[in-house]
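Inside the fold
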Amino acid sequence: MKKLNTLVLASTVALAGSAFTVSAAEQTGDIHANDYNWMQFNIMYAIDEHPIANEDEATHNYLEMEFGGRSGFVDLYGYVDVFNLGNSDSGDKADGASKMFMKFAPRFSLDAITGTDLSLGPVQEVYLSTLFNWGGGAINTDGNGAGDVNMSFWGVGADVMVPWLGKTGMNLYGAYDINRKDWNGYQFSANWFKPFVFFEDKSFLSFQGYVDYQFDMDEEYSGTNSDGDFNNTEHGGAAFFGLYYHTDRFALGYGGKYFYHAYGLNDNAFKNEFWGGLDTTGWTHFLTATYKI
């Protein structure tokens, strides 16, 4: 994919070229002056999580360890999910389904590496962005059973000031399927955290969420179902909108997540004479209780 290779090459060249100025950046200022880190544990319950296998009960509980921070030129976000904590026989994470999923998203500040202020208008900082998804028990590359997602994403990103939302992380990636050793389309991602109601005891309400949109994917990537329709689609994604109550140590919240062709899969993907295929479009609901470390 010529466009994809150009995107990744441009990002890599920008990072490599900046290596000669790292020492200059360190001499002109302390890039660790604003370092921070955070971690929290979320007990979560998901209802109707997509994609839904035909007639399956798509509910489950899970523990999520979520973390992030900043260290010099590295900006990091990630989480590890452990599903079906009590090994319940009900829900969509029973019967030998994958137990864990991990997202790891380091970004590398080109401002800090080059010692140059790259801000312009609403753009505050520019990054070389990466994202890795591992595990989870997605449909495998042959389309005939359960397997793990192993995806990586490579591109550029920025922190952008958006009216009312404030600082919003935005990234444009090229998608590389580690299982199949092949590039397949692009992804645009945005995420935000907006406290908007404050109480006298310093607790607050926040509106937080993200958008992931994949496009220019190969429809023929995993063949066709029994109706002759492609299992994959050219575009799809998800948007999460959450309302949370926060104190210093705890948080409680609800999030609604709308999937459209979840993970690039069409509705009725992998349908055959014995099975109706996957439902990949619709709302999922999440209930969350959080303890902050």
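Here, the structure is the one placed above.
Treat the numbers as computed from the prediction; the structure is a model and nothing was measured. Note on numbering: residues in each chain are counted from 1, in written sequence order. Local features in this predicted model are restricted to residues whose pLDDT is 70 or higher, and side-chain atom pairs enter the listing and the counts only when it is 80 or higher, whereas totals over whole chains, interfaces and linings include all residues. With hydrogens and water set aside, each side-chain value is computed from the structure's full complement of heavy atoms.

**Things to note about the packing of aromatic side chains**
Aromatic rings from Phe, Tyr and Trp, taking only the six-membered ring of Trp, are treated as a pair when their centres fall within 6.5 Å; an angle between ring planes under 30 degrees marks them as stacked, one over 60 as edge-to-face, and anything in between as tilted. If you walk through the whole model with that rule in mind, you get 24 aromatic pairs. An angle of 45° between the planes, with centres 6.2 Å apart, marks the rings of Y79 and F101 as tilted. Within this pair, whereas Y79 is found in strand β4 (residues 74-83), its partner F101 is found in strand β5 (residues 100-109), the two being separated by 22 residues in sequence. Here's how the labels work: a residue is buried when its accessible area is under 20% of the maximum for its type, exposed when over 50%, partly exposed in between, all with a 1.4 Å probe on protein chains only. Y79 gets classed as buried once you look at its relative accessible area, which sits at 14%. Given a relative accessible area of 15%, F101 falls into the buried group. One aromatic cluster in this structure is built from W164, W192, F196, F207 and F241. Looking at R107, its charged tip hangs above the ring of Y127, at a distance of 3.8 Å from the centre. Both a distance and an angle decide whether a charge sits over a ring: NZ of Lys or CZ of Arg must be within 6 Å of the ring centre and within 35 degrees of the ring normal. For the cation-ring pair, K194 lies above W164, with the distance from its terminal atom to the ring centre recorded as 5.4 Å. For helices the rule is a DSSP run of H or I covering at least 4 residues; for strands it is a run of E covering at least 2, with both sets numbered from the N terminus onward.

**Concerning the environment of S88**
By the secondary structure assignment, S88 is in the loop between β4 and β5. Classification of S88 by relative accessible area gives partly exposed; the value is 31%. Each C-alpha atom, one on S88 and one on H60, is 8.8 Å from the other, the two residues being 28 residues apart in sequence.

**Topic: the pattern of salt bridges**
Each salt bridge in this description consists of a side-chain nitrogen of Lys or Arg and a carboxyl oxygen of Asp or Glu lying within 4 Å of one another. Here the structure, examined in full by the defined rule, presents four salt bridges. One salt bridge connects D75 with R107, and the closest N-O pair in it is separated by 3.4 Å. Placement of D75 in strand β4 and of R107 in strand β5 is noted, with a sequence separation of 32 residues between them. Like D75, the residue R107 is buried in the burial classification. Across the salt bridge formed by K271 and D227, the nearest N and O atoms sit 3.1 Å from each other. With a gap of 44 residues between them, K271 in the loop between β12 (250-260) and β13 (278-279) and D227 in the loop between β10 (204-215) and β11 (236-246) connect regions that are remote in the sequence.

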